[in-house]
Amino acid sequence: MNQTMIELKNKLRDILEFIEDKNDVVYLDYPFHYNVGDLLIYQGAMKFFSENNVRFKLLRNAHDYTLAELKRYITPKTTILCHGGGNFGDIYRLHQAMREDVVEAFPENRVIILPQTAFFSNDETLEVSAKKFRNNKNVIIYSRVTRSVEVFKSFTDKVYLMPDMAHQLYSELKKTVPPSNDTLYFLRVDCEISADQERLNLTSDIKTIDWEHVIQKKDLILKKVLMKMLSLAMRTDSTILKNMVAKLWRWHTWNMVNRYSELFSSYAKVITSRMHGHILSCLVDTDNTLIDNSYGKNRGYYNEWTKNIDNTRLL
């Protein structure tokens, strides 16, 4: 057991002091997509709140929530939790719009933004969004890195540093024993590729993969079925159907996360430019080297939380 990982897991308990009633909580913006980093965060959050006896009256994603339904369930004492990750800002407008809707519709309720990283491409959109948040005096935002703290202070005075919710999964995931002697090259293929990654100059015989390569056909089929169920639920305003989809998604993505943990633990070493490739390697105690992404997100998280883990390093 790695002491630093245990400490990061235990640090998450600080979140509990801001939940007024553990039986009067809703969880919003759970990831209904196959970004595996988000799924690790999601399953970590579900594990954390379940183990600390927090019970959700509703779980809704950015596609199936309506303010009308939320108003039927949210009382003046309800604590509203918003999913963590890296979608706070103006790049992922669907998720930011959901948070803005909620803080405006429920100005007296405590709204907790679970550990996030912020990015706004311009000051104008930041100011517009921050003004909406400032109308709610009960907003609490957890930042995954120091450099996002100043941005979040535009939204609320209550900003705290907190590691990623995925750390709750330490010692909880399946492992492959014994691992092979091979190295997994888990490298991004999108616009966040950095110069450091390009300088690796890997030979053609080295296979590299990214999250999109580990999604299976059965995953895609199940998601299509659940999307049809959600579409019907939205047309009929069916809380029962939405709850069923949330339950099935939670079960399905827990199995997916364990599939990935078995993959990462089957290698002796991992070289990755994915932040959650790094975090997942740490969760299963696999030696790993982290490469920064194009705008410093990986380096920032490593320096904030994981640099003292013995079997990991920043390239």
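Preceding this paragraph is the structure being described.
Our subject in this report is the structure included herewith.

## Focus: helix 8 (residues 217-236)
Step number 1: For helix 8, with 20 residues, the first-to-last C-alpha span of 29 Å sits near the 28 Å given by 1.5 Å per residue.
Step number 2: As for helix 8, its buried residues are in contact with helix 9 (239-265).
Step number 3: Looking at the residues trailing helix 8, positive phi occurs at Asp 237, about 55°.

## What about the nonpolar core?
Step number 1: Formed by 64 residues in total, the largest nonpolar core has its most connected members in Tyr 27, Tyr 30, Phe 49, Phe 56 and Met 165.
Step number 2: Aside from chain neighbours lying at most four places away, what touches Phe 56 is Val 25, Val 26, Tyr 27, Met 46, Phe 49 and Leu 81.
Step number 3: Counting residues in hydrophobic clusters, the runner-up holds 27 residues, among them Leu 70, Ile 74, Phe 106 and Ile 141.

## Things to note about a nonpolar patch on the surface
Step number 1: A contiguous nonpolar patch, built from Ile 240, Met 244, Leu 248 and Trp 251 and spanning about 440 Å² of accessible area, is present on the exposed surface.
Step number 2: Relative to the elements of secondary structure, Trp 251 occurs in helix 9.
Step number 3: Judged by relative accessible area, which is 54%, Trp 251 ranks as exposed.

## Topic: the pairing of strand 11 (residues 287-290)
Step number 1: Pairing analysis gives 4 bridges linking strand 10 (residues 269-272) to strand 11, with the strands arranged parallel. Among the inter-strand pairings, Ile 271 is bridged to a residue of strand 11, identified as Thr 289.
Step number 2: What joins strand 10 to strand 11 is helix 10 (residues 275-283), and the crossover it makes is right-handed.
Step number 3: One ladder, built from 3 bridges, connects strand 11 with strand 12 (residues 312-314); its direction is parallel. Directly across from Asn 288, in strand 12, lies its bridge partner Thr 312.

Definitions and limits used
Residues numbered from 1 in each chain as written. Predicted model: local features only at pLDDT ≥ 70, side-chain atom pairs only at ≥ 80, totals over all residues. Heavy atoms only, no water. Helix = DSSP H or I, 4+ residues; strand = E, 2+ residues; numbered from the N terminus. Expected span 1.5 Å × (residues − 1). Contact = heavy atoms within 4.5 Å. Core = buried A, V, L, I, M, F, W, Y, C linked by side-chain atoms within 4.5 Å. Buried < 20%, exposed > 50% of the residue type's maximum accessible area, 1.4 Å probe, protein only. Patch = residues over 30% accessible without salt bridge, like charges linked within 9 Å, V, L, I, M, F, W, Y side chains within 5 Å. Areas by Shrake-Rupley, 256 points an atom, 1.4 Å probe, with all protein chains shown as cover. Salt bridge = Lys/Arg side-chain N within 4 Å of Asp/Glu carboxyl O. Pairing = 2+ DSSP bridges. Right-handed = clockwise from strand over helix to strand, strands pointing away.

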